[in-house]
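# Survey of secondary and tertiary structure
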Amino acid sequence: MRARVRSSIPNALTFSGLILGSEAIFSALDKEPLASAYLIGLATIIDTFDGAAARLLRAYSSFGQQLDSLVDAVTVGVAPAVLMYTAYFRTWHALGVVVAMSWTVAVVARLARFNAAPQHGNYFTGLPSPPAANILSGTVPLTSTVWHRLADP
């Protein structure tokens, strides 16, 4: 029983990241871009802890690995794209959708490439998607703090 509880902790953290990422999408759609940006940031922090917990507890599983990638697709792929669309590109109509969703396409392609590639130690090629999502969504609090409004795209 203890092993089952131990192995469920990283997955519980991953699912909490999914809840935060989903709430970030809902916040963006409810015209609360700052809340959305902060929720994306919090979801990426949780993403760091779920992997660390899996390593610490030696609770690796293929389920957990696939779950992490699927949750990342939502929290660092879809959520920042929806935030960018609602905050900056909504007035661009169809072109705005294409511009914003190009982020999702890039993140999902990167996740698929990472999952399909053989692992060579503990390093990444390029910038991992969670920090990249923080940089992108961080423009919302930055511009609203510096210019007291959302900047033009």
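Below or above, wherever it landed, is the structure these notes cover. (Residues numbered from 1 in each chain as written. Predicted model: local features only at pLDDT ≥ 70, side-chain atom pairs only at ≥ 80, totals over all residues. Heavy atoms only, no water.)

## Considerations on the overall build of the protein chain
When you go through the protein chain residue by residue, the secondary structure sums to six helices and zero strands. Looking at the protein chain residue by residue over its 153 residues, the buried ones come to 38%. Expressed as a percentage of contacts within the protein chain between residues at least 6 apart in sequence, the contacts between residues at least 24 apart total 72%. Of the roughly 9100 Å² of accessible surface on the protein chain, 68% is carried by carbon and sulfur atoms. (Helix = DSSP H or I, 4+ residues; strand = E, 2+ residues; numbered from the N terminus. Buried < 20%, exposed > 50% of the residue type's maximum accessible area, 1.4 Å probe, protein only. Contact = heavy atoms within 4.5 Å. Areas by Shrake-Rupley, 256 points an atom, 1.4 Å probe, with all protein chains shown as cover.)

## Here's the deal with the packing of aromatic side chains
Each pair of aromatic rings is reported with the distance of its centres and the angle of its planes. On inspection of all chains with the given rule, the structure shows two aromatic pairs. When the centroid spacing of 4.9 Å and the interplanar angle of 65 degrees are considered together, the rings of phenylalanine 89 and tryptophan 92 count as edge-to-face. Using a relative accessible area of 34% as the deciding quantity, one classes tryptophan 92 as partly exposed. An aromatic cluster of at least three residues, connected via ring pairs, comprises Tyr88, Phe89 and Trp92. (Phe/Tyr/Trp six-rings, centres within 6.5 Å; stacked < 30°, edge-to-face > 60°.)

## Thoughts on helix H4 (residues 94-116)
In a regular helix each residue adds 1.5 Å, so 23 residues correspond to 33 Å; H4 covers 32 Å between its end C-alpha atoms and thus fits that length. Methionine 101 marks where H4 bends most, by close to 25 degrees. Of the residues making up H4, those classed as buried are Gly96, Ala100, Thr104, Val107, Arg110 and Leu111. In this structure, the buried side of H4 is in contact with helix H3 (62-89) and helix H5 (129-137). (Expected span 1.5 Å × (residues − 1). Bend = angle between axes of the 7 residues up to and from the residue.)

## So, the side chain of aspartate 47
Relative to the helices and strands, aspartate 47 is located in helix H2 (residues 33-57). Although aspartate 47 is buried, it forms no salt bridge, and the closest oppositely charged side chain is arginine 55 at an N-O distance of 9.1 Å. (Lys, Arg positive; Asp, Glu negative; His and termini not counted. Salt bridge = Lys/Arg side-chain N within 4 Å of Asp/Glu carboxyl O.)

## Focus: the nonpolar core
The biggest cluster of nonpolar side chains holds 17 residues, and the ones touching the most others in it are Leu83, Met84, Tyr88 and Val140. Contributing elements (two or more residues each) for this core: helix H1 (2-29), H2 and H3. Grouped together as the second largest cluster of nonpolar side chains are five residues, Ala73, Val76, Leu111 and Ala133 included. (Core = buried A, V, L, I, M, F, W, Y, C linked by side-chain atoms within 4.5 Å.)

## Observations concerning the packing of H1 against H2
The interhelical angle for the contact between H1 and H2, taken along N-to-C directions, is 170 degrees, at an axis separation of 8 Å. In terms of orientation, H1 and H2 fall into the roughly antiparallel class. Of the residues belonging to the contact of H1 with H2, the class tally is 16 nonpolar, six polar and three charged. (Axes fitted to C-alpha atoms, helices over the stretch in contact; angles between N-to-C directions. Parallel < 35°, antiparallel > 145°, perpendicular 65-115°, else oblique. Nonpolar A, V, L, I, M, F, W, Y, C, P; charged D, E, K, R; others polar.)

## Thoughts on the side chain of threonine 86
Within the secondary structure, threonine 86 is located in helix H3. Residue class for threonine 86 comes out buried when judged on its relative accessible area of 16%. In terms of polar contacts, threonine 86 uses its side chain to reach the backbone carbonyl oxygen of leucine 83, at 3.1 Å. Ignoring sequence-local partners within four residues, the contact set of threonine 86 consists of Ala28 and Leu29. (Polar contact = N/O pair within 3.5 Å; in protein donor to acceptor, adjacent residues only side chain to side chain.)

## Some points on H2
Taking 1.5 Å of rise per residue, the 25 residues of H2 would be expected to cover 36 Å, and the 36 Å separating its terminal C-alpha atoms lies within 8% of that figure. Along H2, the residues that are buried comprise Ser36, Ala37, Leu39, Ile40, Gly41, Ala43, Thr44, Ile46, Asp47, Asp50, Ala53 and Ala54. A positive phi of about 50 degrees marks arginine 58, the residue just after H2.

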